Amino acid sequence: MYKAKDLRDQSLEELEATYDESCRKLFELQNEFRSQKKRENPHEIKHARKDIARLLTVITEKRRGNQNQTNRG
C-alpha cells in the first residue's frame, strides 16, 4: 500500500511506472479471483484500486504543478 506522502517524493516518470505496475497487478488479481470459486483475499482488489487512485491523484498534482511553474516563468 502506497502513502501519498511517499509518492510525492518520486518523480513523474517513477510515478507513471508505478501506476503501470499497479494496473497490471489489479488486472492479475481480478483474473485470479474470477477463476476461483472461493475468494481468499477479496480486500486486495479494493486496496489495489485505492492505490491506483492515490497514484493518479499525485500524478495529476505534479502535472498541474509543472504547468503552473511554466506559466509563471
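Structure report, in brief. None of the values given here were measured: they were computed from a predicted structure. (Residues numbered from 1 in each chain as written. Predicted model: local features only at pLDDT ≥ 70, side-chain atom pairs only at ≥ 80, totals over all residues. Heavy atoms only, no water.)

1. So, the overall build of the chain
Secondary structure summary: the chain contains three helices and zero strands in total. In sequence order, the secondary structure elements of the chain are arranged as α-α-α. For the chain, whose C-alpha radius of gyration is 16 Å, the value lies well above the compact-globule estimate of 11 Å for 73 residues. If you line up the chain on its principal axes, its C-alpha atoms span 55 × 20 × 15 Å. Expressed as a percentage of the 73 residues in the chain, the buried residues total 21%. When the accessible surface of the chain is summed, it comes to about 5,900 Å², and 45% of that surface belongs to carbon and sulfur atoms. (Helix = DSSP H or I, 4+ residues; strand = E, 2+ residues; numbered from the N terminus. Rg over C-alpha atoms; globule rule 2.2 N^0.38 Å. Buried < 20%, exposed > 50% of the residue type's maximum accessible area, 1.4 Å probe, protein only. Areas by Shrake-Rupley, 256 points an atom, 1.4 Å probe, with all protein chains shown as cover.)

2. So, the pattern of salt bridges
Going through the model one piece at a time under the given rule, you end up with three salt bridges. In this structure, the salt-bridge partner of Glu 61 is Arg 8, at a minimum N-O distance of 2.9 Å. Of the two residues, Glu 61 sits in helix H3 (residues 43-72) while Arg 8 sits in helix H1 (residues 4-8), which places them 53 residues apart along the sequence. Given the relative accessible area of 41%, Arg 8 is considered partly exposed. (Salt bridge = Lys/Arg side-chain N within 4 Å of Asp/Glu carboxyl O.)

3. Points about the side chain of Asp 51
Positionally, Asp 51 belongs in helix H3. Not counting residues within four places of it along the chain, the set of residues in contact with Asp 51 comprises Met 1 and Tyr 2. (Contact = heavy atoms within 4.5 Å.)

4. Looking at the environment of Asn 68
Looking at the secondary structure, you find Asn 68 in helix H3. The exposure class of Asn 68 is partly exposed, given its relative accessible area of 42%.

5. A short note on the environment of Ser 22
Mapped onto the fold, Ser 22 is located in helix H2 (residues 12-35). Since its relative accessible area comes to 7%, Ser 22 is described here as buried. Excluding its chain neighbours within four sequence positions, the residues that come into contact with Ser 22 are Tyr 2, Ile 52 and Leu 55.

6. Things to note about the environment of Ile 45
Along the chain, the position of Ile 45 falls in helix H3. Remark: the alpha-carbon pair of Ile 45 and Ala 17, spanning 28 residues in sequence, is separated by 19 Å. Each residue touching Ile 45, except ones within four places of it in the same chain, is listed here: Leu 26, Leu 29, Gln 30 and Phe 33.

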